[in-house]
Amino acid sequence: MNIKLPREIEADVQTLWDYQDLHQEPQRCDVGIGLGSHDLGVAVYTAELYHRGLFPRIVFTGANAPTTVERFPRGEAVHYREEAIRLGVPPEVILTETRATNTGQNIEFTRDLLRSSGIDVQAVMLISRPYQQRRAYATCKLLWPEVGVTCGSRPLPLAEYIESIGNVDRVVNMLVGDTHRIIEYPKLGFAIPQPMPDDVHAAFERLVGAGFTTRLVRAT
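Residues numbered from 1 in each chain as written. Predicted model: local features only at pLDDT ≥ 70, side-chain atom pairs only at ≥ 80, totals over all residues. Heavy atoms only, no water.

**Section: the overall build of the protein**
So, point 1. In terms of regular secondary structure, the protein is built from eight helices and five strands.
So, point 2. Its C-alpha atoms give the protein a radius of gyration of 17 Å, within 12% of the compact-globule value 17 Å for 220 residues.
So, point 3. Overall, the protein is about 50 × 35 × 35 Å in size when its C-alpha atoms are taken along their principal axes.
So, point 4. Taking all contacts inside the protein whose residues are at least 6 apart in sequence as the whole, residues at least 24 apart take part in 76%. (Helix = DSSP H or I, 4+ residues; strand = E, 2+ residues; numbered from the N terminus. Rg over C-alpha atoms; globule rule 2.2 N^0.38 Å. Contact = heavy atoms within 4.5 Å.)

**Some words on the packing of aromatic side chains**
So, point 1. Under the defined criterion, the tally for this structure stands at five aromatic pairs.
So, point 2. For the pair Trp 17 and Tyr 161, a centre-to-centre distance of 5.3 Å together with 45° between the ring planes defines the contact as tilted. Of this pair, Trp 17 sits in helix H1 (residues 7-20) while Tyr 161 sits in helix H6 (residues 158-165); the two residues are 144 residues apart in sequence, bridging distant segments of the chain.
So, point 3. Looking at Tyr 161, the relative accessible area reads 1%, which means it is buried.
So, point 4. Arranged with centres 5.6 Å apart and planes meeting at 80°, the rings of Phe 60 and Tyr 80 form a pair that is edge-to-face. Here Phe 60, found in strand S2 (residues 58-61), pairs with Tyr 80, found in helix H3 (residues 76-86); they are 20 residues apart in sequence, far enough to count as distant. The pair formed by Phe 60 and Tyr 80 is uniform in burial state, with each residue classed as buried.
So, point 5. Among the aromatic residues, those joined into a cluster by ring pairs are Trp 17, Tyr 131 and Tyr 161.
So, point 6. If you follow Arg 99 out to its NZ or CZ, it ends over the ring of Phe 109, 4.0 Å from the centre.
So, point 7. Lying over the aromatic face of Tyr 19, Arg 134 brings its terminal NZ or CZ to 4.1 Å of the ring centre. (Phe/Tyr/Trp six-rings, centres within 6.5 Å; stacked < 30°, edge-to-face > 60°. Buried < 20%, exposed > 50% of the residue type's maximum accessible area, 1.4 Å probe, protein only. Lys NZ or Arg CZ within 6 Å of the ring centre and 35° of its normal.)

**Structural notes on the sheet that holds strand S4 (residues 123-127)**
So, point 1. Spatial strand order, S3-S2-S1-S4-S5: five strands in an open sheet with parallel pairing. Two strands lie at the open edges of the sheet, namely strand S3 (94-97) and strand S5 (148-152), each paired on one side alone. The sheet shows a mean angle of 20° between the axes of neighbouring strands, taken without regard to direction.
So, point 2. Pairing of S2 with S3, which is carried by four bridges, proceeds in the parallel orientation. From the neighbouring strand, Phe 60 faces S3, where its bridge partner is Thr 96.
So, point 3. The sheet contacts of helix H4 (residues 103-116) involve strand S1 (31-35), S2, S3 and S4, and relative to S3 the element is tilted by about 130°.
So, point 4. Those strands touched by helix H5 (residues 133-143) are S1, S4 and S5, and its axis lies near 165° from that of S5. (Pairing = 2+ DSSP bridges. Axes fitted to C-alpha atoms, helices over the stretch in contact; angles between N-to-C directions.)

Function cannot be read off these values alone, since they describe shape.
What follows is the structure, encoded as structure tokens:
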């Protein structure tokens, strides 16, 4: 399986990678929310931040998507919880939300779970794949505007992240897809708008032209 980024697309992929990372410093907050995906590193980093004292409680959220059902057959949140416990997080501080199949549902269902559990939340940290940060932020600000939010991901360089996932095509397609969602989701009422510099948009268009289209938003 190819895990080396081809030189001819390297600069454009790096441009999108840098754009999606909000470069926010982790802040102490009430809850760390691990957003489900194919990337078990989300659970690893959430556990690390818990052990650093950044938050006293964790919610892992996610059912399955076509890209995760093989790797996490019992559901993303369940596998994340098991990994966090393996890394020393006490089971009693973890809640799991096991129905969400997209980022909007991750936010909505987690918000509702915390409310129904009687947990007062003023600030949260969304922990995600590196290239999901901006979309997670834009989605949360629309659906849960009253809460303070910071975003974070395992601090890996692009090449190391691709190696950790083990599939360069999957990473580039997901990165292009998340960038397309930054463009399209505000029009659909799924997120607040985000600024996109011209060089980012141009890099996105070139990667689409190069055939990285499997995760684009399809017209309805």
